[in-house]
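Summary of structural features
One letter stands for each residue in the lines below.
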Amino acid sequence: MRLTVQTDYALRMLMHLACRTHDLVTIHEIAERYGISKNHLVKVAHRLGRAGFIETIRGRSGGLRLAEPAEEISVGTVARHTEQGSALVECFPGGSGKCLVKPHCRLKSVLAEAQEAFFTVLDRYTIHDLVKRNPGLLALLVGDAA
């Protein structure tokens, strides 16, 4: 199973915000910290905001913050949300549907079961679990802002 870049960036953004719960954080700051595209992060932030994972505050003093405590944001829920429409294989929803053996194939059900098992493991963890008691990560993500 491979997650999309959007899911990767969404989880990184949420982890960063979980480390900075007392501050508003800008997309620019997150993009610089991770060395990733600001334009791509704008799309990720928009999607996370619409889903209710983060609050976006506009204006000169604006920024991003978690919409709920990191302990309440399931990694599995975030991954399911950001992976919507991404097909594991062609015969899954979102795939091209081009499959010669589709009418007789049992692979789809096996892969669907494996995909659900993958998300079930992610459901056991929260964003807080990813950042708690990790001084190295906190130093890396928060840096001088701590």
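Note that the structure is a prediction, hence the values are computed from the model and not measured.

This part covers the packing of aromatic side chains. A complete count under the given rule lists one aromatic pair for this structure. Ring plane angle 70° and centroid distance 5.7 Å describe the contact between Phe118 and Phe119, whose orientation is recorded as edge-to-face. Phe118 gets classed as partly exposed once you look at its relative accessible area, which sits at 27%.

As a further point, take the confidence of the model for the protein. Mean pLDDT for the protein: 85, with 81% of residues reaching 70 or above. The spread of mean pLDDT over the elements of the protein runs between helix H7 (residues 135-142), the lowest at 70, and strand S2 (residues 63-66), the highest at 96.

Counting residues in hydrophobic clusters, the biggest one holds 34 residues, and the most contacted among them are Met13, Leu14, Ile54 and Ile127. Put simply, the parts of the chain that give this core at least two residues each are helix H1 (5-19), helix H2 (27-34), helix H3 (38-51), S2, helix H4 (75-83), helix H5 (107-123), helix H6 (127-131) and H7. Leave out the neighbours within four places in its chain, and Ile54 touches Met13, Leu14, Leu17, Ala45, Leu48, Gly49, Leu64, Arg65, Leu66 and Ala67.

Let's shift gears to the pattern of salt bridges. One pass over the structure, following the stated rule, counts seven salt bridges. Residues Glu29 and Arg20 are paired through a salt bridge, measuring 2.2 Å at the closest nitrogen-oxygen approach. Given a relative accessible area of 7%, Arg20 falls into the buried group. Measuring nitrogen to oxygen at the nearest pair gives 3.4 Å for the salt bridge that ties Asp129 to Lys132. Accessibility expressed as a relative area gives 28% for Asp129, which makes it partly exposed.

Strand direction decides the pairing type here: strand S1 (residues 54-57) and S2, joined by four bridges, are antiparallel. What sits directly across from Ile54, in S2, is Leu66. Between the end of S1 and the start of S2, which pair antiparallel, lie five residues, with Gly59 showing a positive phi angle near 105°.

Before going further, it helps to examine the layout of surface pockets. Vacant regions in the atomic arrangement are exposed by a probe of water-molecule size rolled over the atoms. In this structure, the largest pocket spans a volume of roughly 270 Å³. Residue lining of the largest pocket: 13 residues in total, with Ile27, Thr56, Ile57, Arg58 and Leu64 positioned closest to the centre.

With 14 residues, H3 extends 20 Å between its outermost C-alpha atoms, agreeing within 8% with the 20 Å of an ideal straight helix rising 1.5 Å per residue. Of the residues making up H3, those classed as buried are Leu41, Val44, Ala45 and Leu48. Looking straight down H3, one finds its buried side chains confined to an arc of 100°; they lie on one side. Along H3, exposed side chains directed more than 90 degrees from the buried face belong to Asn39, Lys43, His46 and Arg50. Turning to H3, the residues buried within the fold contact H1, H2, S1 and S2. Capping of H3 at its N-terminal end is provided by Ser37; its side-chain oxygen lies 3.3 Å from the backbone amide nitrogen of Asn39. Just past H3, the residue Gly52 takes up positive phi, approximately 85°.

Rules used throughout
- Residues numbered from 1 in each chain as written.
- Predicted model: local features only at pLDDT ≥ 70, side-chain atom pairs only at ≥ 80, totals over all residues.
- Heavy atoms only, no water.
- Phe/Tyr/Trp six-rings, centres within 6.5 Å; stacked < 30°, edge-to-face > 60°.
- Buried < 20%, exposed > 50% of the residue type's maximum accessible area, 1.4 Å probe, protein only.
- pLDDT = per-residue confidence, 0-100.
- Helix = DSSP H or I, 4+ residues; strand = E, 2+ residues; numbered from the N terminus.
- Core = buried A, V, L, I, M, F, W, Y, C linked by side-chain atoms within 4.5 Å.
- Contact = heavy atoms within 4.5 Å.
- Salt bridge = Lys/Arg side-chain N within 4 Å of Asp/Glu carboxyl O.
- Pairing = 2+ DSSP bridges.
- 1 Å grid on protein atoms, 1.4 Å probe; cavity = no way out; pocket = protein on both sides within 12 Å on 5 of 7 lines; lining within 4 Å.
- Points joined across faces, edges and corners; volume = space filled by probe spheres on them.
- Expected span 1.5 Å × (residues − 1).
- Arc of directions from axis to C-beta.
- Polar contact = N/O pair within 3.5 Å; in protein donor to acceptor, adjacent residues only side chain to side chain.

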